[in-house]
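Here are the chains, one letter per residue:
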Number of protein chains: 2
Amino acid sequence: MNATIPRVVIVGAGFGGLEAARKLAKLPVQVTVIDRKNHHTFQPLLYQVATAGISPGEIAAPIRWILRGRKNVEVLLADVQGFDLERRKVLCPDLAISYDYLIVAAGAGHSYFGHDEWEPMAPGLKTIEDALEIRRRVLLAFELAEKAKLAGEPELPLNFVIVGAGPTGVELAGTLAEIANNVLKHEFASIDPSRTKIILLEGGPRVLPAYAPDLSESAVRQLEHLGVEVRTSALVTNIEPGAVWIGSERIPASVVLWAAGVQASTLGKQLDAPLDRAGRVMVNRDLSVPGHPEVFVVGDLASLKDEHGNLLPGVAPVALQEGRATADNIKRDLQQQPRKDFHYFDKGSLATIGRAAAIAQRGRIHISGYFAWLAWLFVHVFFLIGFRNRIIVLIQWAWSYLTYERGARLITGKTDLPGWQGIEDESGEPALQKTR
Amino acid sequence: MNATIPRVVIVGAGFGGLEAARKLAKLPVQVTVIDRKNHHTFQPLLYQVATAGISPGEIAAPIRWILRGRKNVEVLLADVQGFDLERRKVLCPDLAISYDYLIVAAGAGHSYFGHDEWEPMAPGLKTIEDALEIRRRVLLAFELAEKAKLAGEPELPLNFVIVGAGPTGVELAGTLAEIANNVLKHEFASIDPSRTKIILLEGGPRVLPAYAPDLSESAVRQLEHLGVEVRTSALVTNIEPGAVWIGSERIPASVVLWAAGVQASTLGKQLDAPLDRAGRVMVNRDLSVPGHPEVFVVGDLASLKDEHGNLLPGVAPVALQEGRATADNIKRDLQQQPRKDFHYFDKGSLATIGRAAAIAQRGRIHISGYFAWLAWLFVHVFFLIGFRNRIIVLIQWAWSYLTYERGARLITGKTDLPGWQGIEDESGEPALQKTR
């Protein structure tokens, strides 16, 4: 009877892809989940890895483990290169996978607005590898400044510039300020980590533009309270090793982090469908691709407007609900019932800023500060994939909340920093001496 | 008065270097700890990271954090290249550090017995980076086997070959067997992880040669009970992609791990002192270097025999006691008292084999199995650097003991495996199809 069981291939094991797989596991279909990583990454907490609060293993879980025990689901580690829509095949470098239904949930990466040459100097934050690279750079900047100071060199600037004041940029800025002011304060013999400058640059007129204006203002106050310098309408025009330019103004930067633009996966281009400006696939109301009812797009790669004409944001709840709706529509197909249009149910939005600092918005209810942060904590730990990880993350957070410590401050990989000369010239004759 | 305070430079923040720094912090000296990593690695538990049991952050802690609050201790991230013994300087690429006392605790790496070309195919386990590379290869081997099977290809072998049956080799073999038989059993749709073969090769006549013969025999029984194939007097003569050779016998290997030889840090060569065969510095009985009473060597880099003429082993307790003894001798110098010779106090040895499997030896007391494992657990968690990590590690272990789960199974970095072609030829027409 196997020949009659429809095969659903899901590309991408983010929130949308995993949710679809979970729901489809209960139907008489064969499901194949393909991802180029072996793990699902809980992206809302990636900034905690980048800022050394928690370890990668605590916000990432093997896809196989998440989907274990579902007999009709198989998981494949492979890099999808494209699709053969006519012959209904997903194309990987060394194999092709046939489908009856295809769900493309390939997500989005960074957009450097046509300046891809900025990427090595200003890494973004989408994967575990990105987070580890940012962690490495941030921690190294302090180490190199200490080394220069111990060698009697002129003080190196400790400027962290974050480009883009959406949720990720705000989280990074707030958390880095806390690290500089609290965590590292007592650990350096020579430099004073609290002289670190955290500069948050936003090209638009306000931070967290997806939130109501009063919450944007509250977020700025909370950021400034943490010591972050917030600059809006500050459009970055160039990034070079050690500096960011805003028009003719040069801002020295030990580390630059990119949290500005989003570019949908290039797999969208292969779906014979119209794309929006960010490369997202403009899907039908049932999330299928125009002309291909057997192909769906969910999550950050899908471009769909709500009843009020607003584009649905690229956040986890949208992806989850889209994944679920797509599984439901496949079920309706199998039962020969008509499909339903997708409607996003907005449970509200939360953005964290730092220790006990956050904003929350649900309809007309706007909350700031401690209670917003508690809500954020609850929601994020609750949705964290994997029971074990939830406990560990809670303990780690309780611990770092009480002690101001961050336990995962490891520099792994190389110990040089792109664009940093480190020690630049010589002076005095201290015990540590520059030799070249 | 600063000019008269002696400056002690410690190279390496392993067990020996850190212990010396802690003791010296209480004396009227200025201490500089130099390491090329920003973190101390708890090496006895590295195999747990390599086998995905715990995350790197749980067995590594920033050196600055460990030594925080000690006003006369500074920490420097730098790569020591050598020494100017005459001018009493430690030489780094871009700076030189003066010392009155020097403690070299630079440890040891792997020896491939003159076959350094084997290293890319058979990584060893000394650093966090090593552990992550081993984890990546082990997990990838299962993923690639699953992919081949799903594509209808002939089964790929799942042979893990571990070279060297000292404590690290035995730990890796036992833990890998458990993963294959328990952890991964229910997660693959096509392959059967329990058909994995774990082969432990030892060139000498018995495993764990540092232990008594009856304990070696017990270790073999415990390993075989876990499904490990143990082969002694099996000297590896060649390693090539996908295989290990023992004379004319070719053993197919998906992953090869190296736990055989130890080679002391090359910094030993720069100390104008005789070296033993493994490159260790043959120190005086007070751990100083012949002809240089102001220079000490401690830990795996030091070569010293006990009263019975046996070389002290390269284990943490030896390094710790040597670090302490060196700090004490510097104190005696400052108080113009004669130095004391170093005597190692052997509290016994422990080697773990797997879940509730271990051996322990203290003088004539030999223990095997569950109680040895409990002792091992207690000692290792107790000595783990950092209170927070101890709790987290205990919870993780309790969790994985009860559930057979291993939480840190992330493949980060590249998703190819050296020496593995993956899918080699084509057959049938399954849903997954090889395309080239």
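Coordinates for the structure precede this section.
Figured I'd write up the structure that's included with this text.

The rules behind the values
Residues numbered from 1 in each chain as written. Chains lettered and ligands numbered in written order. Predicted model: local features only at pLDDT ≥ 70, side-chain atom pairs only at ≥ 80, totals over all residues. Heavy atoms only, no water. Helix = DSSP H or I, 4+ residues; strand = E, 2+ residues; numbered from the N terminus. Rg over C-alpha atoms; globule rule 2.2 N^0.38 Å. Buried < 20%, exposed > 50% of the residue type's maximum accessible area, 1.4 Å probe, protein only. Pairing = 2+ DSSP bridges. Axes fitted to C-alpha atoms, helices over the stretch in contact; angles between N-to-C directions. Left-handed = near helix turned anticlockwise from the far one by under 90°. Contact = heavy atoms within 4.5 Å. Nonpolar A, V, L, I, M, F, W, Y, C, P; charged D, E, K, R; others polar. Lys, Arg positive; Asp, Glu negative; His and termini not counted. Salt bridge = Lys/Arg side-chain N within 4 Å of Asp/Glu carboxyl O. Expected span 1.5 Å × (residues − 1). Polar contact = N/O pair within 3.5 Å; in protein donor to acceptor, adjacent residues only side chain to side chain. Phe/Tyr/Trp six-rings, centres within 6.5 Å; stacked < 30°, edge-to-face > 60°. Lys NZ or Arg CZ within 6 Å of the ring centre and 35° of its normal.

## Topic: the overall build of chain A
Move 1: From N to C terminus, chain A includes 9 helices and 26 strands.
Move 2: Taking 22 Å as the expected radius of gyration for a compact globule of 436 residues, we find that chain A reaches 23 Å, a close match to that expectation.
Move 3: Its C-alpha atoms put chain A at 85 × 50 × 45 Å along the principal axes.
Move 4: Within chain A, the fraction of its 436 residues that count as buried is 59%.

## A word on the sheet that holds strand E14 (residues 238–240) of chain A
Residue and element names in this part refer to chain A.
Move 1: Pairing is antiparallel in the open sheet, where 3 strands are placed in the order E14-E15-E16. Either end of the sheet is taken by a strand with one partner, and the two such strands are E14 and strand E16 (249–252). For this sheet, the mean inter-axis angle between neighbouring strands, taken without regard to orientation, is 20°.
Move 2: The pairing of strand E15 (residues 243–246) with E16 spans 4 bridges and is classified as antiparallel.

## Remarks on the packing of helix H1 (residues 15–24) of chain A against helix H7 (residues 316–334) of chain A
All names here are of chain A.
Move 1: Between H1 and H7, the shortest axis-to-axis distance is 7 Å and the interhelical angle comes to 35°. The chirality of how H1 crosses H7 is right-handed. Taken together, the residues of H7 that come into contact with H1 (itself represented by Phe15, Gly16, Glu19, Ala20, Lys23 and Leu24) are Ala316, Ala319, Leu320, Gly323, Arg324, Ala327 and Ile330.
Move 2: By residue class, the composition of the contact of H1 with H7 is 8 nonpolar, 2 polar and 3 charged.

## A word on the side chain of Glu322 of chain A
Move 1: With respect to the helices, strands and loops of the structure, Glu322 of chain A is situated in helix H7.
Move 2: Arg285 of chain A is the oppositely charged side chain nearest to the buried, salt-bridge-free Glu322 of chain A, at an N-O distance of 8.5 Å.

## Things to note about the pattern of salt bridges
Residue and element names in this part refer to chain A.
Move 1: Under the defined criterion, the tally for this structure stands at 34 salt bridges over all chains.
Move 2: A salt bridge links Arg87 to Asp84, with the nearest nitrogen and oxygen atoms 3.8 Å apart.
Move 3: Its relative accessible area of 59% is what places Arg87 among the exposed residues.
Move 4: Asp276 is the salt-bridge partner of Arg280, the closest N and O atoms lying 2.8 Å from each other.
Move 5: Taking relative accessible area as the criterion, Arg280 reaches 19% and is therefore assigned buried.
Move 6: What makes Asp276 buried here is its relative accessible area of 17%.
Move 7: Residues joined by salt bridges that share partners form a network here, namely Glu19, Arg22 and Arg324.

## Observations regarding helix H6 (residues 213–225) of chain B
Residues and elements named next belong to chain B.
Move 1: Here H6 spans 18 Å end to end across 13 residues, near enough to the 18 Å set by a 1.5 Å rise per residue.
Move 2: Looking at the packing, one finds that the buried side of H6 touches helix H5 (167–183), strand E12 (197–201), strand E13 (228–231), strand E23 (349–354), strand E24 (357–362) and strand E25 (365–368).
Move 3: Gly227, located one to two residues past H6, shows a positive phi value of around 95°.

## Structural notes on the sheet that holds E13 of chain B
Within a sheet, each strand pairs with its neighbour through backbone hydrogen bonds, oriented either parallel or antiparallel.
Residue and element names in this part refer to chain B.
Move 1: Taken in spatial order, the 4 strands make up an open sheet running E13-E12-E11-E17, and their pairing is parallel. The sheet terminates laterally at E13 and strand E17 (255–258), the two strands that pair on one side only. Geometrically, the sheet is characterised by an average inter-axis angle of 20° between neighbouring strands, direction not taken into account.
Move 2: With 5 bridges joining them, strand E11 (residues 159–163) and E12 adopt parallel strand pairing. Its bridge partner lying in E12, Phe160 is registered against Ile198.
Move 3: Packing against the sheet, helix H4 (residues 128–150) makes contact with E11 and E17, and its axis sits at approximately 160° to E17.
Move 4: Together, E11, E12, E13 and E17 form the strand contacts of H5, whose direction differs from that of E12 by roughly 170°.

## Some points on the side chain of Gln361 of chain B
Move 1: One can find Gln361 of chain B in strand E24.
Move 2: A polar side-chain atom of Gln361 of chain B sits 2.8 Å from the main-chain amide nitrogen of Ala212 of chain B.

## Examining the packing of aromatic side chains
Two descriptors summarise a pair of aromatic rings, namely the distance from one centre to the other and the angle between the planes of the rings.
Move 1: If you walk through the whole model with that rule in mind, you get 20 aromatic pairs over all chains.
Move 2: Taken together, a centroid distance of 5.5 Å and an interplanar angle of 80° make the contact between Phe142 of chain B and Phe160 of chain B edge-to-face. One end of the pair, Phe142 of chain B, is in helix H4; the other, Phe160 of chain B, is in strand E11, and 18 residues separate them in sequence.
Move 3: A relative accessible area of 1% places Phe142 of chain B in the buried class.
Move 4: A relative accessible area of 1% places Phe160 of chain B in the buried class.
Move 5: One cation-aromatic arrangement involves Arg68 of chain A over Trp65 of chain A; the distance from NZ or CZ to the ring centre is 4.4 Å.

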